[in-house]
Amino acid sequence: PMAPMPTMAPMAPMPPMAPMPSMPPMPSQPHHLPTPPPGLMQPEPVHPPRAIRNHGCSVGDDCVGQSSFDAGGYLWCCHKGCGSCSSSSSVHDDVLSVLCTCSDDEGAWSFSDFSEKLANDDEFQSNLCIAAAGCALVVLVGLAVAFARRRSTIQVPESVLG
């Protein structure tokens, strides 16, 4: 085998560096913002949405004097008498959706609100049909299971049991 290498003497410390010279001051800049080139950074033109989906909100003059929000160029708010209101709006594919939810009894829906929504809101109608079909399916499956269990029950006459 090879003999181990001899140990080296420690390195001499390096001399300290000279201090860095200070930097010259920055030249002053003009106090105006540069003008963007034509065609860049122009705001999008505001145009009304192609369609509006209103879910529980009042609009326009009904909102005067109430807490309200602007969406799509319209003033929106919860129905009068709603003490605790949550609201939101969004735009997707040029369709504005507004949602107002009232969490107290005073602002709860009445039967007339429900019937108006049923008569005028296509999305509400389709969702209601889907929910009704789902409920009917659950009832039918439950009945089928009950009848299947009833048929499979074997009744033994008491004379056989002894």
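See the structure shown above.
Note that the coordinates shown come from a computational prediction; the quantities given were computed from them, not determined experimentally. (Residues numbered from 1 in each chain as written. Predicted model: local features only at pLDDT ≥ 70, side-chain atom pairs only at ≥ 80, totals over all residues. Heavy atoms only, no water.)

A. Molecular detail of the sheet that holds strand E5 (residues 85-92). The 3 strands lie next to each other as E1-E6-E5, forming an open sheet whose pairing is mixed. Either end of the sheet is taken by a strand with one partner, and the two such strands are strand E1 (51-55) and E5. Across this sheet, the average inter-strand angle for adjacent strands is 10°, counted without regard to direction. With 8 bridges connecting them, E5 and strand E6 (residues 95-102) associate as antiparallel partners. Within the sheet, the bridge partner assigned to histidine 92 lies in E6 and is valine 95. (Pairing = 2+ DSSP bridges. Helix = DSSP H or I, 4+ residues; strand = E, 2+ residues; numbered from the N terminus. Axes fitted to C-alpha atoms, helices over the stretch in contact; angles between N-to-C directions.)

B. Geometry of a nonpolar patch on the surface. On the surface, a nonpolar cluster with roughly 390 Å² of combined accessible area is contributed by Val139, Leu140, Leu143 and Phe147. Here leucine 140 shows up in helix H2 (residues 122-152). Taking relative accessible area as the criterion, leucine 140 reaches 55% and is therefore assigned exposed. (Patch = residues over 30% accessible without salt bridge, like charges linked within 9 Å, V, L, I, M, F, W, Y side chains within 5 Å. Areas by Shrake-Rupley, 256 points an atom, 1.4 Å probe, with all protein chains shown as cover. Salt bridge = Lys/Arg side-chain N within 4 Å of Asp/Glu carboxyl O. Buried < 20%, exposed > 50% of the residue type's maximum accessible area, 1.4 Å probe, protein only.)

C. Region of the structure containing the pairing of strand E4 (residues 74-77). Two strands pair when backbone bridges link them, and strand E2 (residues 58-59) and E4 are joined in this way by 2 bridges, in the antiparallel orientation. Following the sheet pairing, serine 58 is matched in E4 by cysteine 77. Examined bridge by bridge, strand E3 (residues 69-71) and E4 share 3 bridges and lie antiparallel to one another. The partner of alanine 71 across the bridge, within E4, is tyrosine 74. Between the end of E3 and the start of E4, which pair antiparallel, lie 2 residues, with glycine 72 showing a positive phi angle near 65°.

D. Highlighting the state of the cysteines. Counted by the stated rule, this structure contains 4 disulfides. Paired by a disulfide, cysteine 78 and cysteine 85 hold their sulfur atoms 1.5 Å apart. Sign of the S-S torsion, about 55° for the bond between cysteine 78 and cysteine 85, identifies this disulfide as right-handed. The exposure class assigned to cysteine 78 is buried, which follows from its relative accessible area of 5%. The side chain of cysteine 82 participates in a disulfide bridge whose partner is cysteine 102; the two sulfur atoms lie 2.1 Å from each other. Measuring the twist about the S-S bond at about 120°, one finds the cysteine 82-cysteine 102 disulfide to be right-handed. (Disulfide = S-S within 2.5 Å.)

E. Local environment of the side chain of serine 58. On the secondary structure map, serine 58 appears in strand E2. Apart from residues lying up to four places away in sequence, serine 58 is in contact with Cys63, Leu75, Trp76, Cys77, Cys78 and His79. (Contact = heavy atoms within 4.5 Å.)

F. Up close: the packing of aromatic side chains. A complete count under the given rule lists 1 aromatic pair for this structure. Judged by centre distance (6.2 Å) and plane angle (65°), the ring pair of tyrosine 74 and tryptophan 76 falls under edge-to-face. Overall, tyrosine 74 belongs to the partly exposed group, its relative accessible area being 36%. (Phe/Tyr/Trp six-rings, centres within 6.5 Å; stacked < 30°, edge-to-face > 60°.)

G. Main features of the sheet that holds E2. Here 3 strands make up an open sheet; going across it, the order is E2-E4-E3 and the pairing antiparallel. At either end of the open sheet lies a strand with only one pairing partner, and these are E2 and E3.

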